[in-house]
Every structure is written in structure tokens, then in C-alpha cells.
Amino acid sequence: SRWNGSESLLRGACCRVKMAEKPKISKKSDALICVIGDEDTVTGFLLAGTGQTDAKKNSNFLAVTPKTPLALIEETFKNFTTRDDVAVVLITQTIAEMIRYLVDEYTGMIPAVLEIPSKDNPYDASKDSVMQRIMKK
């Protein structure tokens, strides 16, 4: 190998410095996918490797249970759609229905908000506000 130990150590130090900086989407690999959904859906995405928690304990996912307050779902959606380091917000359609007015109000391109089916509820394009906007054009 042409890399010796000191170059490897130096590369590691550069990575640590970069992680301490304010998150920005400078490369596609830096962007996060956020997930809001039922426990099974969120667990599946976490097992696929999408989970991220920063030093301040801010995560990029919310597993919604019947006991989750609506205000927390609203706050999380607003937070995810205003973060600099988020490229996509995935939200199960059943949870999107709970905060439909917020989902419909959101018109930004990045992060993209995509409604997805859950294990118990199939996808219904007629309820998806993004799909409705696309069909009108």
C-alpha cells in the first residue's frame, strides 16, 4: 500500500475537525435522510443505516407511538424541514395525515418531503400533497 501510518493518522485528524464544524450539505454524502413514522418503519430505516444522533442528542428520526404528542410530531417536522444538513424527510402517510396542514404548507425543494407507506397502511397517491402538486402540472 502506498499509504503509511502517519498519512492515515493525518486523514483521521482531518475527519475529526470536519465533524466539529457546523453541518452543511457540501457533498451528497453529507446530507441526511430524516424519518418520521411508526416504530416498525423507523426501525427498518435505522437498521438500514440512516440513523444519526449529534453531540446535542438531536436525531434524524422520530418513532411515533399512540402516546406521542401531536405537538412533538409538528415540532419534529418543522425542525427537519429547516435543518441545513437534511436532504430528504420521509414521513409515513398515516403520520402525514395527522399534520396534513404542515405537510401541505411546506413547498421547499430541499429537503424533499416524501410520503411513504407503512406496514399497516398502503400508499394512497390521492392523499399525497407532493404527488397532487405534480399531477396538476
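Only a predicted model underlies this, so the values are computations on that prediction, with no experimental measurement involved. (Residues numbered from 1 in each chain as written. Predicted model: local features only at pLDDT ≥ 70, side-chain atom pairs only at ≥ 80, totals over all residues. Heavy atoms only, no water.)

1. Focus: the side chain of T41
Here is step 1: With respect to the helices and strands, the residue T41 is situated in helix α2 (residues 39–47).
Here is step 2: With residues near it in sequence (within four places) discarded, T41 still touches T92, I116, S118 and K119. (Helix = DSSP H or I, 4+ residues; strand = E, 2+ residues; numbered from the N terminus. Contact = heavy atoms within 4.5 Å.)

2. Quick look at the pairing of strand β1 (residues 32–38)
If a strand is regular, its side chains alternate between the two faces of the sheet.
Here is step 1: Here β1 lies mainly inside the structure; six of its seven residues are buried.
Here is step 2: Across five bridges, the pairing between β1 and strand β3 (residues 86–92) is parallel. From the neighbouring strand, V35 faces β3, where its bridge partner is L90.
Here is step 3: When β1 meets strand β2 (residues 61–64), the two strands line up parallel, connected through four bridges. Opposite V35, over in β2, you have F61 as the bridge partner.
Here is step 4: In this region the chain leaves β1, passes through α2 and returns to the parallel neighbour β2; the handedness of that crossover is right-handed. (Buried < 20%, exposed > 50% of the residue type's maximum accessible area, 1.4 Å probe, protein only. Pairing = 2+ DSSP bridges. Right-handed = clockwise from strand over helix to strand, strands pointing away.)

3. Some thoughts on the pattern of salt bridges
Here is step 1: On inspection of all chains with the given rule, the structure shows five salt bridges.
Here is step 2: Across the pair D85 and R83 runs a salt bridge, and its minimum N-O distance is 3.0 Å.
Here is step 3: The partner of R100 in a salt bridge is E115, and the shortest N-O contact between them spans 2.7 Å. Taken together, the residues R100 in helix α5 (residues 100–105) and E115 in strand β4 (residues 112–116) connect sequence positions 15 residues apart.
Here is step 4: In this structure E115 comes out as buried when scored by relative accessible area, which is 7%.
Here is step 5: Several salt bridges converge on common partners, so that one network encompasses E97, R100, D104 and E115. (Salt bridge = Lys/Arg side-chain N within 4 Å of Asp/Glu carboxyl O.)

4. Some thoughts on the side chain of E74
Here is step 1: Checked against the element boundaries, E74 lands in helix α3 (residues 70–82).
Here is step 2: Buried charged residue E74 carries no salt bridge. Nearest counter-charge: K78, at 5.7 Å. (Lys, Arg positive; Asp, Glu negative; His and termini not counted.)

5. Some points on the confidence of the model for the protein chain
Low pLDDT marks stretches whose predicted atomic positions should not be read closely.
Here is step 1: Residues of the protein chain with pLDDT of at least 70 account for 77%, and the chain-wide mean is 79.
Here is step 2: In the model of the protein chain, helix α1 (residues 5–20) stands out as the element of lowest mean pLDDT, 41, in contrast to α3, which has the highest, 95.
Here is step 3: Contacts from residues 1–24, a stretch scored under 50 in pLDDT, to residues over four places away or in other chains number nine contacts. (pLDDT = per-residue confidence, 0-100.)

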